Each structure stands twice: as C-alpha cells, then as structure tokens.
Amino acid sequence: MVFDLGCRKCDVAVIAFDKGALRVKAISGSSQFGEIDIDIKLADFCATEFLQQKASDIKENIKEITRLRKACEQAKILLSSQNEAKIEVQGFWETVYLI
C-alpha cells in the first residue's frame, strides 16, 4: 500500500510486486481527509490522554492545544522516516510524554 497525504487530500494505492514488475491493483482517495485532519485527531487523542493522566482538560485552552497540535505534526513528520516518535511539549504541565 502506498499512502499520499496532502494538506487536505488522502490517496491510497494498492500495488502488487510480481516477477520484478509493479502492478497497480487499486487506487482510491478522499478530498475530505488530509494531513491536517490527522494532526487534529492526534492532538485530540493526546488531550484526552492528558485529561485521564492529570485530570486537567486542555481542549478549551487555545494556546496549549495549538502547541500540542504542532508537536503532533512534528511527530507525524518524523514518522515518515522512522518507526516511532515521541510527542513532547516543553513546559506543558511538567513535560509530559503522552504516547
């Protein structure tokens, strides 16, 4: 599978490798879902984890949720070239590792 996430678009292709040749089996996409949506969903997940760990809801704090979204975006970028990434926000409560 090959994923291509654009700012507001996601395309997926299923490709078969057979006898030295690549063959596209299926292609699909959505113009309603893109990488910004992933940042938002990941930040929402992390904020929920933070609420469970620290009993503090940051979802209404625009400054903190923006910082968290930026950290999620950076982790997503790192995951393009490595297997794992930490989401860390300095000065966020007491530097908390959320996932």
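Source: prediction; values computed, not measured.

1. Things to note about the overall build of the protein chain
So, step 1. The secondary structure content of the protein chain amounts to two helices and three strands.
So, step 2. Along its sequence from the N terminus, the protein chain presents helices and strands in the succession β-β-β-α-α.
So, step 3. Taking all 99 residues of the protein chain together, the buried fraction comes to 22%.
So, step 4. When contacts within the protein chain are restricted to residue pairs at least 6 apart in sequence, those whose partners lie at least 24 apart make up 40%.
So, step 5. When the accessible area of the protein chain is evaluated, it comes to approximately 7,100 Å², of which 54% is carbon and sulfur surface.

2. As for the pattern of salt bridges
So, step 1. For the coordinates displayed, the defined rule picks out five salt bridges.
So, step 2. Where Asp 18 meets Arg 23, a salt bridge forms, and the shortest distance between an N and an O atom there is 2.9 Å.
So, step 3. You can call Asp 18 partly exposed: its relative accessible area is 35%.
So, step 4. In this structure, Lys 59 and Asp 44 form a salt bridge, with 3.1 Å as the shortest nitrogen-oxygen distance. Here Lys 59, found in the loop between α1 (35-54) and α2 (62-78), pairs with Asp 44, found in helix α1; they are 15 residues apart in sequence, far enough to count as distant.
So, step 5. For Lys 59, a relative accessible area of 33% puts it in the partly exposed group.

3. Details of the side chain of Lys 76
So, step 1. Among the secondary structure elements, Lys 76 is positioned in helix α2.
So, step 2. Looking at Lys 76, its side chain comes within polar contact range of the side chain of Asp 39, at 2.8 Å.

4. What about the pairing of strand β2 (residues 10-18)?
Look at any regular strand and the pattern is simple: side chains alternate between the two faces of the sheet.
So, step 1. Here nine bridges tie β2 to strand β3 (residues 21-30), and the two strands are oriented antiparallel to one another. The partner of Ala 16 across the bridge, within β3, is Arg 23.
So, step 2. Taking the residues that link successive antiparallel strands as the turn, the β2-β3 hairpin has two residues, and the phi of Lys 19 there is positive, at about 55°.

So, how was this worked out
Residues numbered from 1 in each chain as written. Predicted model: local features only at pLDDT ≥ 70, side-chain atom pairs only at ≥ 80, totals over all residues. Heavy atoms only, no water. Helix = DSSP H or I, 4+ residues; strand = E, 2+ residues; numbered from the N terminus. Buried < 20%, exposed > 50% of the residue type's maximum accessible area, 1.4 Å probe, protein only. Contact = heavy atoms within 4.5 Å. Areas by Shrake-Rupley, 256 points an atom, 1.4 Å probe, with all protein chains shown as cover. Salt bridge = Lys/Arg side-chain N within 4 Å of Asp/Glu carboxyl O. Polar contact = N/O pair within 3.5 Å; in protein donor to acceptor, adjacent residues only side chain to side chain. Pairing = 2+ DSSP bridges.

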